[in-house]
Amino acid sequence: MITVDSNYRQILLEALEDLMYKISLQLNEMKGGPLTGERKKLTKKQKQLEELQHLITQAQ
């Protein structure tokens with residue numbers, strides 16, 4: 001398990017939220033289209049970021 005100094009948690013969470021938003025916009029553009037490799041990759045990355053966000057918020 002990675003430990004993050006409390007001084008950096010908030011900025012790390014903010015960066016994660018920004019990246020999650022960016023990925024969400026990209027996935028939204030693909031909505032209704034075929035399930036391409038790029039779409040699968042973005043969906044997987046989105047899930048990993050959500051898990052990471054959960055881990056960071058639980059560590060507070």
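Residues numbered from 1 in each chain as written. Predicted model: local features only at pLDDT ≥ 70, side-chain atom pairs only at ≥ 80, totals over all residues. Heavy atoms only, no water.

S.K.: Lay out a nonpolar patch on the surface with the relevant residues and their values.
M.R.: Residues Tyr8, Ile11 and Leu12 make up a contiguous nonpolar surface patch of about 310 Å² in total accessible area. You can see Leu12 is positioned in helix 1 (residues 6-30). (Patch = residues over 30% accessible without salt bridge, like charges linked within 9 Å, V, L, I, M, F, W, Y side chains within 5 Å. Areas by Shrake-Rupley, 256 points an atom, 1.4 Å probe, with all protein chains shown as cover. Salt bridge = Lys/Arg side-chain N within 4 Å of Asp/Glu carboxyl O. Helix = DSSP H or I, 4+ residues; strand = E, 2+ residues; numbered from the N terminus.)

S.K.: So what's going on with helix 1? Residues and values would help.
M.R.: In a regular helix each residue adds 1.5 Å, so 25 residues correspond to 36 Å; helix 1 covers 37 Å between its end C-alpha atoms and thus fits that length. For helix 1, every residue scored as buried is listed here: Arg9, Leu13, Leu16, Met20, Ile23 and Leu27. Of the surrounding elements, those touching the buried residues of helix 1 are helix 2 (37-58). Where helix 1 begins, the side chain of Asp5 points an oxygen toward the backbone nitrogen of Asn7, at a separation of 2.7 Å. A positive backbone phi angle near 85 degrees is found at Gly32, which sits one or two residues after helix 1. (Expected span 1.5 Å × (residues − 1). Buried < 20%, exposed > 50% of the residue type's maximum accessible area, 1.4 Å probe, protein only. Contact = heavy atoms within 4.5 Å. Polar contact = N/O pair within 3.5 Å; in protein donor to acceptor, adjacent residues only side chain to side chain.)

S.K.: Hey, could you go over the nonpolar core for me, with residue numbers and the actual values?
M.R.: One finds Leu13, Leu16, Met20, Ile23, Leu27, Leu42, Leu49 and Ile56 forming the largest nonpolar core, which totals eight residues. The set of elements that each furnish at least two residues to this core consists of helix 1 and helix 2. A per-element tally of this core places helix 1 first, with five residues. (Core = buried A, V, L, I, M, F, W, Y, C linked by side-chain atoms within 4.5 Å.)

S.K.: An account of helix 2 is requested, with residue identities and associated values reported.
M.R.: Every α-helical turn comprises 3.6 residues, leaving residues that sit three or four positions apart pointing alike. Taking 1.5 Å of rise per residue, 22 residues should cover 32 Å, and helix 2 covers 32 Å from first to last C-alpha, within 8% of that figure. All buried positions along helix 2 are accounted for by Arg39, Leu42, Leu49, Gln53 and Ile56. Down the axis of helix 2, the sector holding all buried residues measures 105 degrees, keeping them to one side. Away from its buried face by more than 90 degrees, helix 2 exposes Gly37, Lys41, Lys44, Lys47 and Gln58. Tucked into the core, helix 2 has its buried residues touching helix 1. (Arc of directions from axis to C-beta.)

In short, shape yes, function no, at least from these values alone.
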